[in-house]
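Descriptive analysis of the structure
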Amino acid sequence: MDIPAFALAFGKSLLFALAAVLPILNPPASAPVFVNLTRGLDHDTRAMLARRIGRHVVMLLAGAMLVGSYVLDFFGISLPIVRVAGGLIVASTAWRMLHVQHLAQDDKAQLAQSLTADNVRIQAFYPMTFPLTCGPGSIAAAITVGASLHSRRVTEALVNFAGGLAATLLVGLLVTLTFRYAGRLLRPLGEVGQIVFLRLMAFMLLCVGVQIVWDGASALLQGLGNSK
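Attention in this report is confined to the structure presented alongside it. Here the structure is a predicted model, which means the values were calculated and not measured.

**Quick look at a nonpolar patch on the surface**
Nonpolar side chains collect at one region of the surface, where Leu66, Val67, Tyr70, Val71, Phe74, Phe75, Ile77, Ile81 and Leu220 lie side by side and expose about 880 Å² of accessible area between them. By secondary structure assignment, the location of Val67 is in helix α3 (residues 43–75). A residue is classified by how much of its surface remains accessible, and Val67, at 46% relative accessible area, is partly exposed.

**Focus: the nonpolar core**
In this structure, Leu49, Ile53, Val57 and Leu61 are the most contacted members of the largest nonpolar core, which totals 39 residues. Of all the secondary-structure elements, those providing two or more residues to this core are α1 (3–25), α2 (27–37), α3, α4 (79–99), α6 (120–129), α7 (136–148), α8 (154–180) and α10 (190–227). Among the elements that take part in this core, α3 stands out by supplying nine residues, more than any other. Apart from residues lying up to four places away in sequence, Leu61 is in contact with Val21, Leu25, Cys134, Ser138, Ala142, Thr168 and Val171. Among the nonpolar cores identified, the runner-up in size contains five residues, and Val90, Ala91, Ala94 and Leu205 belong to it.

**Here we look at the packing of α3 against α6**
Put simply, α3 and α6 touch, their axes get as near as 9 Å, and they point 50° apart. In terms of their interaxial angle, α3 and α6 are classed as oblique. As for how α3 packs across α6, the hand of that crossing is right-handed. Within the contact between the two elements, α3 uses Thr45, Met48, Leu49, Arg52, Ile53, His56, Val57 and Leu60 and α6 uses Val120, Arg121, Ala124, Phe125, Met128 and Thr129. Among the residues making up the contact of α3 with α6, the classes are represented as nine nonpolar, three polar and two charged.

**Describing the packing of aromatic side chains**
Enumeration according to the criterion identifies two aromatic pairs in this entry. Both rings, one in Phe34 and one in Phe179, keep their centres 4.7 Å apart while their planes meet at 10°; by these two values the pair is stacked. Here Phe34 is found in helix α2, whereas its partner Phe179 is found in helix α8, with 145 residues between them in sequence. Ring centres 5.1 Å apart and planes at 90° place the aromatic pair Phe74 and Phe75 in the edge-to-face group. Summarising the burial analysis for this pair, Phe74 and Phe75 share the class exposed.

**Here we look at empty space enclosed by the protein**
According to the stated counting rule, one finds one cavity of 30 Å³ or more in the structure shown. As for the largest cavity, its lining consists of Ser30, Val33, Phe34, Leu37, Met128, Leu132, Thr133 and Phe179. Tallying contributions element by element places α2 first for the lining of the largest cavity, with four residues. Class assignment for the residues of the lining of the largest cavity results in six nonpolar, two polar and no charged.

**Brief notes about a positive patch on the surface**
A cluster of basic side chains, namely Arg51, Arg55, Arg180, Arg184 and Arg187, defines a positive patch on the protein surface. With respect to the helices and strands, the residue Arg55 is situated in helix α3.

**Here we look at α1**
When the terminal C-alpha atoms of α1 are compared, their 32 Å separation across 23 residues agrees well with the 33 Å that a helix rising 1.5 Å per residue should span. Looking one or two residues past α1, Asn26 carries a phi angle of roughly 50°, positive in sign.

**As for the side chain of Ser30**
Secondary-structure assignment places Ser30 in helix α2. For Ser30, a relative accessible area of 11% translates into the label buried. There is a polar contact of 3.5 Å between the side chain of Ser30 and the backbone oxygen of Leu132. When residues no more than four places from it in sequence are discounted, the contact partners of Ser30 are Leu25, Leu132, Thr133 and Phe179.

Criteria and thresholds
- Residues numbered from 1 in each chain as written.
- Predicted model: local features only at pLDDT ≥ 70, side-chain atom pairs only at ≥ 80, totals over all residues.
- Heavy atoms only, no water.
- Patch = residues over 30% accessible without salt bridge, like charges linked within 9 Å, V, L, I, M, F, W, Y side chains within 5 Å.
- Areas by Shrake-Rupley, 256 points an atom, 1.4 Å probe, with all protein chains shown as cover.
- Salt bridge = Lys/Arg side-chain N within 4 Å of Asp/Glu carboxyl O.
- Helix = DSSP H or I, 4+ residues; strand = E, 2+ residues; numbered from the N terminus.
- Buried < 20%, exposed > 50% of the residue type's maximum accessible area, 1.4 Å probe, protein only.
- Core = buried A, V, L, I, M, F, W, Y, C linked by side-chain atoms within 4.5 Å.
- Contact = heavy atoms within 4.5 Å.
- Axes fitted to C-alpha atoms, helices over the stretch in contact; angles between N-to-C directions.
- Parallel < 35°, antiparallel > 145°, perpendicular 65-115°, else oblique.
- Left-handed = near helix turned anticlockwise from the far one by under 90°.
- Nonpolar A, V, L, I, M, F, W, Y, C, P; charged D, E, K, R; others polar.
- Phe/Tyr/Trp six-rings, centres within 6.5 Å; stacked < 30°, edge-to-face > 60°.
- 1 Å grid on protein atoms, 1.4 Å probe; cavity = no way out; pocket = protein on both sides within 12 Å on 5 of 7 lines; lining within 4 Å.
- Points joined across faces, edges and corners; volume = space filled by probe spheres on them.
- Lys, Arg positive; Asp, Glu negative; His and termini not counted.
- Charge placed at Lys NZ, Arg CZ, Asp CG, Glu CD.
- Expected span 1.5 Å × (residues − 1).
- Polar contact = N/O pair within 3.5 Å; in protein donor to acceptor, adjacent residues only side chain to side chain.

Spatial relationships are all this shows, so hold off on functional conclusions.
Following this line, the structure appears as structure tokens:
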């Protein structure tokens, strides 16, 4: 492969990974939750928390992209099954967000009280990164992307994975910036506007979950038809 071919493969992999993961992870949809859970923290601590969440998102997505398919092979789990399971979790979460008037307010209040400057580093991964920001749907999408980036030629596979990893860095940066400035971005909406925005994002997330389930179920049905 010459340099133009390398650049083309890198760009295609980067855009493919972004298109597959970013709509499911959807940082703006998590921004109101982040704001509500970190109201008692000062600006510097919230900024530090946003950076940690961004780094954890990169590590989760990169790990799923690089070794996720091998882990599935070890346990004998197929990608369509992962799509169906991840899509069901995403769709069920979005369904609750759409139909519950106050989504887990008691749990959020308890978490907000426990999220202090002293233990914010501990809770930066769980539950702030997983599952609130980067859930099973995002991880399943990253595994699917990683499986699609494999190639028989080593150089082409390396370029493809370089593009995929660059996409995870961009996603992590976007998460960091979105959470760091979430208060400013959502302040013009007001409390009612934030609720409406969260519901709209929940509906889009429901559509994404149904699409993931459909893709997985279609692959399973196709495999069943071919086995006959």
